[in-house]
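Listed below are the residues making up each chain.
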Amino acid sequence: MGFMDEIKAKARADRKRIVLPETEDERTYRAAAKAIEEDIADIILIGKADVVAEKEKEYGVDLSKATVIDPEKSDKLQSYIDKLVELRKKKGMTPEQAKDTLLNQYIYYGVMMVKMGDADGLVSGACHSTANTLRPSLQILKTAPGTKLVSAFFLMNVPNCEYGDNGTFAFADCGLNQNPTAEELAAIAGSTAKSFKALTGHEPRVAMLSYSTMGSAKHDDVTKVQEATRIAKEEYPDIALDGEMQLDAAIVPSVGEFKAPGSKVAGHANVLIFPNLDAGNIGYKLVQRLAKAEAYGPMTQGIAAPVNDLSRGCSWEDIVGVIAITAVQAQMQG
Ligand SMILES: CC(C)(COP(=O)(O)OP(=O)(O)OC[C@H]1O[C@@H](n2cnc3c(N)ncnc32)[C@H](O)[C@@H]1OP(=O)(O)O)[C@@H](O)C(=O)NCCC(=O)NCCS
Ligand SMILES: CC(=O)OP(=O)(O)O
């Protein structure tokens, strides 16, 4: 059984309520229908009932078991307006702006449902940018206790691959933090190792990636990853983590032995921490497209409740996977 089958089985065991606000996108309907058919979550769609019914017919999917919420008709609207104003008053949010935002940006309505306990998690981003998808949850849900930095990772499943754990990897940060400092990079490594273990059950082996292996090149960019590695080893002594190292040294045993002799991680890494968002975002898309890998994410870690993003290039099957992961994250956050 692959990790996604296991995640779906976990999701099924304690079904959570997952909101999908992007009812303007066909993939949302197909993913919602499949998630219901596979019994992995209770699905809440945000939109107008007649529009959803029309699309359901057009796409030939069965959404009779989904809950459809039309913000305009919801008796919760006023309480959501009040709460949003309370939360964003210091940033200048007025009741008029809050009403307009909740009625016209369904992602905000969905995030408020999670905030108010009317849903357990949210998945969006198939037709909205990452910034517009994650900003509402950063603003409204905020970070989980004990977390300073929210970051975003992908769970990757590379077919016919002997590297990582038979092709299973976590990659980070591929979605959120553009240019992490050494401290932030160390925090991303710690969070991703924890997420990888929690979602796949595998022991993480974390490589701090660079274009240099153990001092083979010299530049401020390399120094940043070396410093991040030092901090991460200090902060997370129980995690197998090493760096700085190149991608080949991280995952290919013979190269790891040659370039980083004595490293327990080199050649065996299953958690790859990229030095910046350019590298992370380009890296995951290369593996997804050229190696035909399944790529689930960008999943967030560190938000007070599970809200996960998607790539606008995702398939509806990817959305089903992210729904299942979101449901399992919701179980873990209680
Ligand atoms: C998500 C993103 C928009 C947040 O950036 P921003 O410009 O700081 O946005 P805001 O200032 O409105 O931040 C929103 C809130 O989230 C908080 N926040 C932003 N990034 C955060 C992080 N990584 N961890 C915790 N909180 C964060 C801010 O402090 C702010 O809180 P406040 O409004 O209560 O003060 C930005 O990080 C971004 O654009 N990232 C790149 C996304 C992207 O293009 N990815 C590529 C495709 S996947
Ligand atoms: C994760 C990501 O790259 O998102 P998008 O493709 O929507 O920019």
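Everything numeric in this text was worked out from a predicted model, so none of it was measured.

1. A look at the site of ligand 2
Here is step 1: All residues adjacent to ligand 2 are T130, N281, Y284, K285, P298, S311 and R312.
Here is step 2: Here an oxygen atom of ligand 2 and a side-chain polar atom of R312 are 2.7 Å apart.
Here is step 3: For ligand 2, the accessible surface in isolation is 260 Å², of which the surrounding protein chains cover 87%.
Here is step 4: No other element matches the three residues that helix α12 (residues 277-290) contributes to the shell around ligand 2.
Here is step 5: Tallied by class, the residues present in the shell around ligand 2 amount to two nonpolar, three polar and two charged.

2. Comments concerning the nonpolar core
Here is step 1: One finds I7, I43, L63, L155, M208, I273 and I323 to be the most contacted residues of the largest nonpolar core, which totals 57 residues.
Here is step 2: Once residues lying within four places of it in the same chain are set aside, the contact partners of L63 are Y29, A32, A33, I36, L45 and E56.
Here is step 3: Listed in part, the 30 residues of the second largest apolar core include L84, L102, M112 and V150.

3. Quick look at the site of ligand 1
Here is step 1: Contacts to ligand 1 come from 19 residues, most closely from R88, K91, K142, V150 and G175.
Here is step 2: One of the backbone nitrogen or oxygen atoms of V150 is found 2.9 Å away from a nitrogen atom of ligand 1.
Here is step 3: Within the backbone of G175, an N or O atom sits 2.9 Å from a nitrogen atom of ligand 1.
Here is step 4: Calculation on ligand 1 without its partners gives an accessible area of 940 Å², and the protein chains cover 64% of this total.
Here is step 5: Counting residues per element, the ones that place at least two in the shell around ligand 1 are α7 (130-140) and α12.
Here is step 6: Tallying contributions element by element places α7 first for the shell around ligand 1, with five residues.

What counts, and at which threshold
Residues numbered from 1 in each chain as written. Chains lettered and ligands numbered in written order. Predicted model: local features only at pLDDT ≥ 70, side-chain atom pairs only at ≥ 80, totals over all residues. Heavy atoms only, no water. Near = heavy atom within 4 Å. Polar contact = N/O pair within 3.5 Å; in protein donor to acceptor, adjacent residues only side chain to side chain. Areas by Shrake-Rupley, 256 points an atom, 1.4 Å probe, with all protein chains shown as cover. Helix = DSSP H or I, 4+ residues; strand = E, 2+ residues; numbered from the N terminus. Nonpolar A, V, L, I, M, F, W, Y, C, P; charged D, E, K, R; others polar. Core = buried A, V, L, I, M, F, W, Y, C linked by side-chain atoms within 4.5 Å. Buried < 20%, exposed > 50% of the residue type's maximum accessible area, 1.4 Å probe, protein only. Contact = heavy atoms within 4.5 Å.

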